[in-house]
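Descriptive analysis of the structure
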Amino acid sequence: MSWQAGWKSGPLTKESRTMNRLSPALERFAPSPTLAMTQRVGELRRAGVDVIGLSAGEPDFPTQPHVIDAAFRAMQAGETRYTDVDGTPALKQAVADKFRRDNNLTYALSEISIGAGGKQVLFNALVATLKPGEDVLIPAPYWVSYPDIVRYADGVPVILPTSSGQGYRITPEQLANAISPRTRWLILNNPGNPSGAGYDAAQLRALGEVLLAHPQVMVLSDDMYEHIWFRAEPYATMAEVMPALKDRTLTLNGVSKAHAMTGWRIGFAGGPEWLIRAMAKLQSQSSGNPCSIAQAAAVAALNGPQDHLAEHNVKFRDRRDLIVAMLNDTPGLSCPKPDGAFYAFADASGLMGATKPDGGVIADDWALCDYLLGRARVAAVAGSAFGHADAFRISYAVSRDVLREAARRIQDAVADLVF
Ligand code: PLP
């Protein structure tokens, strides 16, 4: 079975289903297709194939040395025990200071939650609040985990499609038309994975105005890529630009992407106290506290020098410009310029139906990514995995040289297609 077939048909084998050993909640979702592709890259490399992996969503920079020192010191000082279940007071204070510094948002420590990565915080929020059958509005293309976590929580993902022509941003009209009495959350990822599309303050305000009339709807503002932001307008987040919505907004962030700390597993959020308490209750009976040492490291990351954020930003912007130009120079591909994050989302509808050198046909974006993997030895992720067909995502968190080589290989493979 190919890796996409495994993803499309869900995680469970026929055998395990008939044995009826697994929970219905597990049946409702699939394993992450981006992780599946990254695993596939690992297998090919182990088999000696020279593959350029552009599927993983993590910065290629190392964690800052002062952060590593802080972790070491924490271990030596005996910070190796359980902590408060949803984070140490020191980390909550550092997060509160970060929200004040970067986002003009004031949160009390009781309004802050720390989890093992942004993913756990998001999971906690949705599982703690969704009642069966409630809707969660998710603009597409979306981060792969949103619909699956909603399904796990017995909610209903309601997908709001966007096009490259609309900059992969939802419009206020689209939002207004999608809201029903069943709507519980809107997930807004700014800037977005996989498209890199960003909303500035005015665009957020226009969406926020729509929400004012619907008090049942909460906003999950996923700001994980906040610091990888290329637009001239300053970065903004919903609770900041719409104070009237602050008490029904969860502002989610973390150190994974900004501070190149994906492996440390620290994410955080600010939101209303009732929600933060519910999330802590869930965490208390699942993972317990996030790693005490990683929490100490995150304090150092948030309180220490922030110069690397701007340095990373310059590098990412430079890579964005390179890959977007090369993709747009490839016949059949078109790639709008991302506003932030480190992904390029290329529209490949011009390649659908083309014939491969072996006589096979590029029937869809899965087939295209298979072809790119086999022929160009470049791993990209099919747009369908993100709810947007006939496209693919490239992560440009690799060096300029690697990126240029990957784009050249893609161009050569596309040149071998017959239309
Ligand atoms: N939100 C978005 C949009 C992401 O892309 C990711 C990770 O890929 C996360 C949240 C979760 O990040 P973490 O690694 O902190 O769990």
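This text follows the structure it describes.
Let me sum up the structure you'll find in this document. Quick caveat: nothing in here was measured; it's all calculated off a predicted structure.

1. What about the site of the ligand?
Surrounding the ligand, one finds 13 residues, the nearest of these being Gly118, Asp222, Tyr225, Ser256 and Lys257. A distance of 2.6 Å separates an oxygen atom of the ligand from a polar side-chain atom of serine 256. Residue lysine 257 places a side-chain N or O atom 2.7 Å away from an oxygen atom belonging to the ligand. For the ligand, the cavity whose grid points lie within 2 Å of the majority of its atoms is the largest pocket.

2. Looking at the pattern of salt bridges
Scanning all chains against the criterion turns up 25 salt bridges. Arginine 409 is the partner of aspartate 50 in a salt bridge, and the nearest nitrogen-oxygen pair spans 2.6 Å. One end of the pair, aspartate 50, is in the loop between α4 (33–46) and β1 (52–53); the other, arginine 409, is in helix α16 (residues 400–415), and 359 residues separate them in sequence. Linked by salt bridges that have partners in common, Asp50, Arg377, Glu405, Arg408 and Arg409 make up one network.

3. Concerning the sheet that holds strand β11 (residues 381–382)
Here we have 3 strands laid out as an open sheet, ordered β9-β12-β11, and antiparallel in their pairing. This sheet does not close on itself; its edge strands, each paired only once, are β9 (343–347) and β11. As paired elements, β11 and strand β12 (residues 391–395) share 2 bridges and run antiparallel to each other. From the neighbouring strand, valine 381 faces β12, where its bridge partner is arginine 393.

4. Observations regarding empty space enclosed by the protein
Here the idea is plain: a probe the size of a water molecule rolls over the atoms and shows the empty space left. One pass over the structure, following the stated rule, counts 2 cavities of 30 Å³ or more. Volume-wise, the largest cavity comes out at about 150 Å³. If you trace the largest cavity, you find 17 residues lining it, with Pro139, Pro141, Tyr168, Asn189 and Gly192 closest to the centre. Broken down by secondary-structure element, the contributors of at least two residues to the lining of the largest cavity are β3 (135–140) and β5 (183–189). Of the voids in this model, the second largest cavity is the one considered here, and its volume is about 40 Å³. Lining of the second largest cavity is provided by Lys98, Arg101, Asp102, His227, Asn253, Gly254, Ala258, His259, Phe268, Leu302 and Gln306. Of all the secondary-structure elements, those providing two or more residues to the lining of the second largest cavity are α6 (89–103) and β7 (249–254). In terms of residues, the lining of the second largest cavity owes the most to one element, α6, which gives 3 residues. Here the residues of the lining of the second largest cavity sort into 3 nonpolar, 5 polar and 3 charged.

Definitions and cut-offs
Residues numbered from 1 in each chain as written. Predicted model: local features only at pLDDT ≥ 70, side-chain atom pairs only at ≥ 80, totals over all residues. Heavy atoms only, no water. Near = heavy atom within 4 Å. Polar contact = N/O pair within 3.5 Å; in protein donor to acceptor, adjacent residues only side chain to side chain. 1 Å grid on protein atoms, 1.4 Å probe; cavity = no way out; pocket = protein on both sides within 12 Å on 5 of 7 lines; lining within 4 Å. Sits in = over half its atoms within 2 Å of the grid points. Salt bridge = Lys/Arg side-chain N within 4 Å of Asp/Glu carboxyl O. Helix = DSSP H or I, 4+ residues; strand = E, 2+ residues; numbered from the N terminus. Pairing = 2+ DSSP bridges. Points joined across faces, edges and corners; volume = space filled by probe spheres on them. Nonpolar A, V, L, I, M, F, W, Y, C, P; charged D, E, K, R; others polar.

Limitation: the analysis is restricted to geometry and does not speak to function.
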